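Structural overview
Spelled out from the first residue to the last, the chains are:
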Amino acid sequence: MTSTTTQTSIATPVSEVELLIGGMTCASCAARVEKKLNRMDGVSATVNYATEKARVSYPAGIQVADLIATVVKTGYTAEEPAPPRPEPEQSPQDQEPTTPLRQRLVVSVLLSVPVVLIAMVPALQFDYWQWLSLTLAAPVVVWGGLPFHKAAWTNARHAAATMDTLVSVGTLAAFGWSLWALFLGDAGMPGMRHPFELAVSRTNGASTIYLEVAAGVTAFILLGRYLEARSKRRAGAALRALMELGAKDVAVLRDGREVRVPVADLAVGDRFVVRPGEKIATDGTVVEGASAVDVSMLTGESAPVDATVGDTVAGATVNAGGRLVVEATRVGADTRLARMARLVEEAQNGKAQVQRLADQVAGVFVPIVLLLAIATFGVWLGATGDTVAAFTAAVAVLIIACPCALGLATPTALMVGTGRGAQLGILIKGPEVLESTRRVDTVVLDKTGTVTTGRMTLQEVYVAEGTNERELLLLAGALEHASEHPVGRAVAVGAEERVGELPAVERFESVPGRGVRGRVAGREVAAGRLFEELPNDVARARDKAESSGRTAVVVGWDGVARGVLAVADAVKDTSAQAVRELRALGLTPVLLTGDNRRVAEAVAETVGIDQVIAEVLPEDKVDVVRRLQAEGRTVAMVGDGVNDAAALATADLGLAMGTGTDAAIEAGDLTLVRGDLRVAADAIRLSRRTLSTIKGNLLWAFGYNVAALPLAAAGLLNPMIAGAAMALSSVFVVTNSLRLRAFR
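Computed from a predicted structure; not experimentally measured.

Turning our attention to the overall build of the protein chain. Of the regular secondary structure elements, the protein chain holds 27 helices and 26 strands. Each of the 744 residues in the protein chain was classed as buried or not, and the buried ones make up 52%. For the protein chain, the share of sequence-separated contacts (at least 6 apart) that also reach a separation of at least 24 residues comes to 69%. Of the roughly 32,800 Å² that the protein chain leaves accessible, carbon and sulfur atoms contribute 56%.

What the six strands build is an open sheet, ordered 16-21-20-19-18-17; its pairing is antiparallel. Only two strands of the sheet have a single neighbouring strand rather than two, namely strand 16 (452-463) and strand 17 (505-511). Averaged over neighbouring strand pairs, the angle between their axes works out to 20° when direction is ignored. As defined by bridge partners, strand 20 (residues 551-557) adjoins strand 21 (residues 560-571) across seven bridges and the pair is classed as antiparallel. Paired with V555 across the two strands is G563, which belongs to strand 21. Contacts from helix 20 (residues 536-547) reach strand 16, strand 20 and strand 21 within the one sheet, and its direction differs from that of strand 21 by about 10°.

Turning next to the UniProt feature "transmembrane region" (unreviewed entry) in the protein chain. UniProt records the feature "transmembrane region" (unreviewed entry) for residues 105-122, 128-146, 166-185, 205-224, 361-382, 388-410, 697-714 and 720-738 in the present numbering. As annotated, residues 105-122 comprises 89% helix and 0% strand, and the C-alpha atoms at either end are separated by 26 Å. For residues 166-185, the end-to-end C-alpha separation is 26 Å, with 90% helix and 0% strand making up the annotated structure.

What follows deals with the pairing of strand 22 (residues 588-592). Walk down a regular strand and you will see the side chains alternate between the two sheet faces. For strand 22, the buried fraction is high: four of the five residues fall into the buried class. Two elements, strand 15 (residues 442-446) and strand 22, share five bridges in a ladder whose sense is parallel. Within the sheet, the bridge partner assigned to V444 lies in strand 22 and is V590. Two elements, strand 22 and strand 23 (residues 611-613), share three bridges in a ladder whose sense is parallel. Considered in strand 23, the bridge of V590 is made with Q611. Traced from strand 22 through helix 22 (residues 597-607) to strand 23, the parallel crossover comes out right-handed.

Our focus in this paragraph is the nonpolar core. Membership of the largest hydrophobic core comes to 47 residues, with the highest contact counts inside it found for L445, L591, L653, L655 and L670. It is helix 26 (residues 678-713) that provides the largest number of residues to this core, a total of nine residues. When residues of this core are assigned to domains, at least three fall in each of domain 2 (99-235 + 350-412 + 695-742) and domain 4 (427-451 + 572-673). Residues in contact with L653, not counting those within four places in the same chain, are V433, S436, T437, V440, V635, A636, M637, D669, L670 and I684. Counting residues in each nonpolar core, the second largest holds 31 residues, with V115, I209, A215 and V395 among its members.

Here the focus is helix 6 (residues 129-144). Here helix 6 spans 22 Å end to end across 16 residues, near enough to the 22 Å set by a 1.5 Å rise per residue. For helix 6, the principal kink sits at A137 and spans about 30°; a proline, P139, occurs within the next four residues. Within helix 6 the residues assigned to the buried category are W129, Q130, S133, L134, L136, A137, V140, V141 and G144.

A word on the packing of helix 21 (residues 575-584) against helix 26. Interhelical geometry of helix 21 versus helix 26 gives an angle of 25° and a closest axis separation of 7 Å. Here helix 26 runs roughly parallel to helix 21, going by the angle between their axes. Crossing of helix 21 over helix 26 shows left-handed handedness. Of the residues in helix 26, those in contact with Q577, A578, E581 and L582 of helix 21 are R678, A680, A681, D682 and I684. The residue makeup of the contact of helix 21 with helix 26, split by class, is five nonpolar, one polar and three charged.

In this section: the pattern of salt bridges. Taken as a whole and assessed by the stated rule, the structure comprises 24 salt bridges. R275 is the partner of E258 in a salt bridge, and the nearest nitrogen-oxygen pair spans 2.8 Å. Remark: R275 occurs in the loop between strand 7 (271-274) and strand 8 (283-288) and E258 occurs in strand 6 (residues 257-262); sequence separation between them is 17 residues. By sharing partners, the salt bridges in this structure join E16, E18, K53 and R55 into a single network.

Between its first and last C-alpha atoms helix 20 spans 16 Å; for 12 residues at 1.5 Å apiece the expected length is 16 Å, and the two agree. Contacts from the buried residues of helix 20 go to strand 16, strand 20, strand 21 and helix 22. A positive backbone phi angle near 85° is found at G549, which sits one or two residues after helix 20.

Time to look at the packing of aromatic side chains. Under the defined criterion, the tally for this structure stands at four aromatic pairs. Relative to F183, the ring of W131 lies with its centre 5.3 Å away and its plane at 75°, an arrangement referred to as edge-to-face. Of this pair, W131 sits in helix 6 while F183 sits in helix 8 (residues 163-183), and the two are 52 residues apart along the sequence. Accessibility expressed as a relative area gives 27% for W131, which makes it partly exposed. Positioned above the aromatic ring of W143 is the side chain of R104, whose terminal nitrogen or guanidinium carbon lies 4.8 Å from the ring centre.

As for its placement among the helices and strands, K73 is situated in helix 3 (residues 64-74). The spacing of K73 and V33 is 40 residues in sequence and 9.7 Å in space, taken between C-alpha atoms.

Time to look at the sheet that holds strand 11 (residues 312-313). Spatial ordering of the open sheet is given by 6-5-7-13-8-11, a layout of six strands whose pairing is antiparallel. On the outer flanks of this sheet lie strand 6 and strand 11, each paired with one strand and no other. As paired elements, strand 5 (residues 249-254) and strand 7 share two bridges and run antiparallel to each other. Following the sheet pairing, V252 is matched in strand 7 by F272.

A word on a nonpolar patch on the surface. A contiguous nonpolar patch, built from V109, V113, L117, M120, V121 and L124 and spanning about 440 Å² of accessible area, is present on the exposed surface. With respect to the helices, strands and loops of the structure, V113 is situated in helix 5 (residues 99-120). Look at V113 and you get partly exposed, because its relative accessible area is 42%.

Okay, the environment of A656 next. Relative to the elements of secondary structure, A656 occurs in strand 25 (residues 653-657). For A656, a relative accessible area of 0% corresponds to the buried category. Between the C-alpha atoms of A656 and G639, which are 17 residues apart in sequence, the distance is 5.3 Å.

Moving on, we come to the packing of helix 6 against helix 7 (residues 146-157). Between helix 6 and helix 7, the shortest axis-to-axis distance is 5 Å and the interhelical angle comes to 45°. Taken together, helix 6 and helix 7 sit at an angle that is classed as oblique. Counted together, V141, V142, W143 and G144 of helix 6 and L146, P147 and H149 of helix 7 form the full contact between these two elements. Looking at the contact of helix 6 with helix 7 residue by residue, the classes come out as five nonpolar, two polar and no charged.

Cut-off values and rules
Residues numbered from 1 in each chain as written. Predicted model: local features only at pLDDT ≥ 70, side-chain atom pairs only at ≥ 80, totals over all residues. Heavy atoms only, no water. Helix = DSSP H or I, 4+ residues; strand = E, 2+ residues; numbered from the N terminus. Buried < 20%, exposed > 50% of the residue type's maximum accessible area, 1.4 Å probe, protein only. Contact = heavy atoms within 4.5 Å. Areas by Shrake-Rupley, 256 points an atom, 1.4 Å probe, with all protein chains shown as cover. Pairing = 2+ DSSP bridges. Axes fitted to C-alpha atoms, helices over the stretch in contact; angles between N-to-C directions. UniProt positions renumbered as here; feature names shortened; annotations may be inferred. Right-handed = clockwise from strand over helix to strand, strands pointing away. Core = buried A, V, L, I, M, F, W, Y, C linked by side-chain atoms within 4.5 Å. Domains from an automatic or database assignment. Expected span 1.5 Å × (residues − 1). Bend = angle between axes of the 7 residues up to and from the residue. Parallel < 35°, antiparallel > 145°, perpendicular 65-115°, else oblique. Left-handed = near helix turned anticlockwise from the far one by under 90°. Nonpolar A, V, L, I, M, F, W, Y, C, P; charged D, E, K, R; others polar. Salt bridge = Lys/Arg side-chain N within 4 Å of Asp/Glu carboxyl O. Phe/Tyr/Trp six-rings, centres within 6.5 Å; stacked < 30°, edge-to-face > 60°. Lys NZ or Arg CZ within 6 Å of the ring centre and 35° of its normal. Patch = residues over 30% accessible without salt bridge, like charges linked within 9 Å, V, L, I, M, F, W, Y side chains within 5 Å.

What follows is the structure in structure tokens.
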């Protein structure tokens, strides 16, 4: 019975939804929402404070409405993202969601500056200055700090405490004390003077006011929130730019006429026209015309790519040359651009292991700080009997202890890193990937399509004595032009490139396993293994080509072998440089292929790889990866084909070439949009840089709180200085993350 239950639970279908969470103001808010969702049976949730989204997996029997209700009960709002639709023209306010926060900040700063200056510079303190300070500070504390007070009240109703609780309690306590001293104590007397000190000092509580603390801290924290909001927006700019790359409308061919329609109305199979300078509306196949296509916005590759009939093109790329007619093969969410954007967004919603620890700390941090503030007040009061000094130290503890920097450490770095990666043609699937890149020491490279072009090309031409090279290419190219064999096509294309237009072939015949023959320009031409005897120089040329891992095509006419054409899967121009860059990162390259050892070793020698594993069946590639792992190596795998998918998934880090199959891309941890192996080195460097930025952020955030709390509790920090330092810690973390935008 138990086993039956277990099997049923394993088979329970799981759905996934993304929710937009509203009302979160700090990392501990995100931790609370995540904790509440994860308490639901079978629910697994990750809440990201930086993107303000929750990714939730839930079993059958639970509805999305139940998840939203749980978030609402926790004191926040939740909704599913609206389906994508053509956006109307936006007003500047719509385009800049930080505008209300900026207005609140500007008013608060203008009112706070005189209050702080007068309090800090005794020479500016005139008779009744304290009443002017109260008039200026009251709107700042009440209206400027309203978001903190509202959030603190909402959390209090749910028996919870967050960063807003600390700010609200601290500023209202300072403001409340000032009101008591002004109206019921001696602080409202004419001629009262108030010296400013960085640390806590013993004074008469009845004549002490903290209006500069209440107003200054509110302004500082609003500044921190505004800079944080702006930085978060800038951090996500790369993803927004990616999603906005696509064309807005398209000229579709209907009954032979061009009809302009929105891109959303395109269907698979529609044919549309792309003129020079226009964006290609969606993924498709060229059915008419030839042009150069600028793919830089999608892949980061600067050189335009030639596209002609039969070639595939991607949506959002730009037609840089002639007129094209394209047949749509993928539309909407299935396009390459949409899938790239989805991968980037999913990566930004994830959490690295180090961030999960930070979230746990942030979740319990606020209650501990509240207890520490109460303990600080009690210890100071017991030790000194000075209520004012005890109160000041407790307020400083409340204000300095913001855990926001902890919550922002990973998401901001991840947002900037993945966004920058997308601009460079590198798609990082999630933060766990970053942790894998640090440990990798071996990189397994699939040969065909990864190190090589994956296409057979004509490499060398050997001509026997007394034979003209042009004549050899002309006759061999014309004969092979009728062949459908990859080697034959390579000879035909190579010959056409070198000698121009080819003559027609007559009486063409294919001899399976041996070659082809036919009549060209009045000669009986043969190519392949159709000659009984070879002249010595032709035999030597054939042997030399085959020993270097190439396919030798012997060509002759009128019964005599006249030359050898060496055909091979060409090594990509950039592969040797890529291998050098991978070595520079401390990785040992290994070439893996199903091809014969002679061919594999020739390729390895060309690009500078020492270790070759050849003649491996597709299904055995996984075993090779496992064997390397069993030797204690941490393995990265780079591949592009269906036969690489399982190995990519098995490797500690899978890098899929974006020019490859969907199966490979799906199995990889990193997708390299361009078919350039150098991007693999860039991807590992970017991943490592992003991870080190995350760690630097967390070290700062932890270190800041560990160092600052004892200083505040010891009375060595004025509450206003504490507020400024707290706000700046969050700004530092976000600014440090933004440095990733400069990655090259």
